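Here are the chains, one letter per residue:
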Amino acid sequence: MKADLHCHSYFSDGKHSPEYLLRRAKELDITHIAITDHDFITPVNKSLAEDYHVQVIPGVEISCNWENQEIHVVGLGIDSQDKNLKILLELQREARKKRIFDIDKLLEKNGIKGLSTYFESLPCISKTRSHVADFLVSSRKSKSRAHAFSKYLGKKGRAFVSSEWISLSQTNEAIIAAGGISVLAHPSKYPLNKRRFNELLETFKQKGGDAIEVSYGGINAAIQKNLEEIAINKEFYVSAGSDFHDAKAHWTDLGKFPAITSKAKKQAIWHHPRWPS
């Protein structure tokens, strides 16, 4: 089994179609993928997946709030037709649309127009600030994505608009109610000190969290080792994924992340009782 359980298509902030992801998975001998778009369950043609000999695990990445910190939770093995989950995700996407609308107004005050037209040219269902950063780069208002965030979209930026996400508790409840497995995404990427990070893990587990990602694109060996030890000691299942978005980003690819160690694999997420058969 070779799995990538965290990647994105152009229905959120990825650059490629679901079919591209399936084709790339086949080229790389990846047997299982989860397309985890932001607040949107990406439809995948079952017969197409069978043609590529890739098993698709239904997934989603949900943005949520924990004590004024944005946290991302991946839901794996979810029922994509679950009514309550679909309603929740639709509300999330509406919050995203409102945020982008407000950002657009602030950009216009700074003499930058055209964001709404730019979005009309995209296939995305779930709008993100990454899209806005791409717009700012393509319209030559920013040198890079990083510059776009520092000058405009970050907390001290000229077009910063705060997020309005659902709670971590609501997120876990919705994933579990939809038959899924709740996974804390890229844990080392949150700006938390050790005490706060441990509090997050405890709360996540108390609220029904099942697993944590212990390996992902760009992670270093020391952080992976620490996350694997945390998962083992705190009895989390372990998950891993590239968080792949764009083939033009030469440092990343589907399936490109360090392998989980044999010890951690004993708690691999595919041993979870709710893992899709």
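Keep in mind it's a predicted model, so treat the numbers as computed, not measured.

**Describing the pattern of salt bridges**
It is possible for side chains bearing opposite charge to pair when their charged atoms get close.
Consideration 1: Under the counting rule described, the total for this entry stands at 13 salt bridges.
Consideration 2: Where R196 meets E67, a salt bridge forms, and the shortest distance between an N and an O atom there is 2.4 Å. Of this pair, R196 sits in helix α8 (residues 194-206) while E67 sits in the loop between β4 (59-66) and β5 (69-76), placing them 129 residues apart in sequence.
Consideration 3: Looking at R196, the relative accessible area reads 18%, which means it is buried.
Consideration 4: Its salt-bridge partner being R195, residue E199 comes within 2.8 Å of it at the nearest N-O pair. With E199 and R195 both in helix α8 and 4 residues apart, the pair spans about one turn of that helix.

**Brief notes about the pairing of strand β9 (residues 237-241)**
Consideration 1: Most of β9 sits inside the fold, with 4 of its 5 residues counted as buried.
Consideration 2: Pairing between strand β8 (residues 211-216) and β9: 5 bridges, direction parallel. Across the sheet, the residue bridging to A211 is Y237, located in β9.
Consideration 3: On the question of chirality, the crossover connecting β8 to the parallel β9 by way of helix α9 (residues 221-234) is right-handed.

**Observations regarding the side chain of Q224**
Consideration 1: Secondary-structure assignment places Q224 in helix α9.
Consideration 2: A distance of 2.9 Å separates a polar side-chain atom of Q224 from the backbone oxygen of A259.
Consideration 3: Once residues lying within four places of it in the same chain are set aside, the contact partners of Q224 are V214, S215, I219, P258, A259, I260 and T261.

**Regarding the nonpolar core**
Consideration 1: Ranked by internal contacts, the top residues of the largest apolar core, which has 48 residues, are L76 and L200.
Consideration 2: L107, C124, A133 and F135 belong to the second-largest nonpolar core, a separate cluster that totals 17 residues.

**A closer look at the packing of helix α3 (residues 83-109) against helix α5 (residues 129-138)**
Consideration 1: Where α3 meets α5, the axes come as close as 10 Å, and the angle between the chain directions of the two elements is 30 degrees. As far as their axial angle goes, α5 and α3 are roughly parallel. Of the two elements, α3 crosses α5, and the hand of that crossing is right-handed. Between α3 and α5, the residues in contact are R99, I100, I103 and L107 and R129, V132, F135 and L136, respectively.

**Some thoughts on the packing of aromatic side chains**
Consideration 1: This model, assessed by the stated rule, comprises 5 aromatic pairs.
Consideration 2: Seen in terms of ring centroids, Y10 and F11 are 5.2 Å apart; in terms of plane orientation they differ by 90 degrees. Their pairing is edge-to-face.
Consideration 3: We classify F11 as buried; its relative accessible area is 19%.
Consideration 4: For the pair F11 and F40, a centre-to-centre distance of 5.8 Å together with 55 degrees between the ring planes defines the contact as tilted. With F11 in the loop between β1 (3-7) and α1 (18-27) and F40 in the loop between β2 (32-35) and α2 (46-51), this residue pair connects regions lying 29 residues apart in the sequence.
Consideration 5: Taken together, the aromatic side chains of Y10, F11 and F40 make up a single cluster linked through ring pairs.
Consideration 6: A cation over an aromatic ring shows up here: K127 above the ring of F119, its NZ or CZ 4.9 Å from the ring centre.
Consideration 7: Here the basic side chain of K205 rests over the ring of F236, its NZ or CZ set 4.5 Å away from the ring centre.

So, how was this worked out
- Residues numbered from 1 in each chain as written.
- Predicted model: local features only at pLDDT ≥ 70, side-chain atom pairs only at ≥ 80, totals over all residues.
- Heavy atoms only, no water.
- Salt bridge = Lys/Arg side-chain N within 4 Å of Asp/Glu carboxyl O.
- Helix = DSSP H or I, 4+ residues; strand = E, 2+ residues; numbered from the N terminus.
- Buried < 20%, exposed > 50% of the residue type's maximum accessible area, 1.4 Å probe, protein only.
- Pairing = 2+ DSSP bridges.
- Right-handed = clockwise from strand over helix to strand, strands pointing away.
- Polar contact = N/O pair within 3.5 Å; in protein donor to acceptor, adjacent residues only side chain to side chain.
- Contact = heavy atoms within 4.5 Å.
- Core = buried A, V, L, I, M, F, W, Y, C linked by side-chain atoms within 4.5 Å.
- Axes fitted to C-alpha atoms, helices over the stretch in contact; angles between N-to-C directions.
- Parallel < 35°, antiparallel > 145°, perpendicular 65-115°, else oblique.
- Left-handed = near helix turned anticlockwise from the far one by under 90°.
- Phe/Tyr/Trp six-rings, centres within 6.5 Å; stacked < 30°, edge-to-face > 60°.
- Lys NZ or Arg CZ within 6 Å of the ring centre and 35° of its normal.

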